[in-house]
Amino acid sequence: MNDETLTEMIIKCPACGIEGVAKSIMKEIEIPHFGNVLETSIQCPSCGFKHNDIIALEQNDPAKYVLEINRNNLSIRVVRSQSATVSIPEIGVKVEPGPKSEGYVTNVEGMLTRFEDAVKKALNLFDDVESQTNAKKTLDEIHELKKGNGTATLIILDPFGQSNIVSEKAEILEIPEEELKNLKTGFTHIEDN
């Protein structure tokens, strides 16, 4: 495939199960500072199901990407592969990959918004006083960072080195072997005993 090649198919919707209504589009593109990816989307006009993903087509060495979040770098581009763990330790938020993880391209502010949305969901799921208090505190800290007040550390751990923080201000480090062994990938592993 090249930038001009699209693959479109009409498929059975994975959500509602209706045959021949969902549109699947796949396109291989090259993202600067990242490499070749397969951009996929599925949309079903019948039930409204939508799914978008970016799948890296190249594997690199495991890498840890670190950036100090501050008012001057909220627009820095961030690429998160489907296998990466993202965290901001100072405010206690972390997202690990699972079987339904999706890759995406955003910016630092967009990462904060994703964490904000996850904390809001947690507020609706857990109604005990401690969870509510912690979630509200975390939301306040995210809002302050989005307004450019204070600093925190954005960390992306990627066992396949497919993520990136596109800035000279970002550090790219090796992941220590012990930490790498315990890192989730979102993929199921079957081992022989």
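A quick note: this is a predicted structure, and the numbers were derived from the prediction, not measured.

J.: Any chance you could explain the overall build of the protein chain here in plain terms?
T.: Summing up its helical and strand segments, the protein chain has three helices and twelve strands in all. Considered along the principal axes of its C-alpha atoms, the protein chain spans approximately 50 × 45 × 40 Å. Counting all 193 residues of the protein chain, 38% fall into the buried class. When contacts within the protein chain are restricted to residue pairs at least 6 apart in sequence, those whose partners lie at least 24 apart make up 61%. For the protein chain, the accessible surface area stands at approximately 11700 Å², while carbon and sulfur atoms represent 48% of it. A gap of 7 Å separates the mean positions of the 20 positive and 32 negative side-chain charges of the protein chain.

J.: Even after reading the chapter, I still don't get the sheet that holds strand 10 (residues 152–158), so can you show me in this structure?
T.: With respect to topology, five strands assemble into an open sheet ordered 8-7-10-5-12, the strand pairing being antiparallel. The open sheet has two edge strands, strand 8 (93–95) and strand 12 (171–173), and neither has a second partner. For this sheet, the mean inter-axis angle between neighbouring strands, taken without regard to orientation, is 15°. Sheet topology places strand 7 (residues 85–88) next to strand 10; three bridges connect them, and they run antiparallel. Bridge pairing in strand 10 places Val-86 opposite Ile-156. Most of the contacts of helix 1 (residues 108–125) go to strand 7, to which it runs at about 90°, and overall it touches strand 5 (63–69), strand 7, strand 8 and strand 10.

Here is what the cut-offs are and how they apply
Residues numbered from 1 in each chain as written. Predicted model: local features only at pLDDT ≥ 70, side-chain atom pairs only at ≥ 80, totals over all residues. Heavy atoms only, no water. Helix = DSSP H or I, 4+ residues; strand = E, 2+ residues; numbered from the N terminus. Buried < 20%, exposed > 50% of the residue type's maximum accessible area, 1.4 Å probe, protein only. Contact = heavy atoms within 4.5 Å. Areas by Shrake-Rupley, 256 points an atom, 1.4 Å probe, with all protein chains shown as cover. Lys, Arg positive; Asp, Glu negative; His and termini not counted. Charge placed at Lys NZ, Arg CZ, Asp CG, Glu CD. Pairing = 2+ DSSP bridges. Axes fitted to C-alpha atoms, helices over the stretch in contact; angles between N-to-C directions.

Don't take any of this as a statement about function, it's just geometry.
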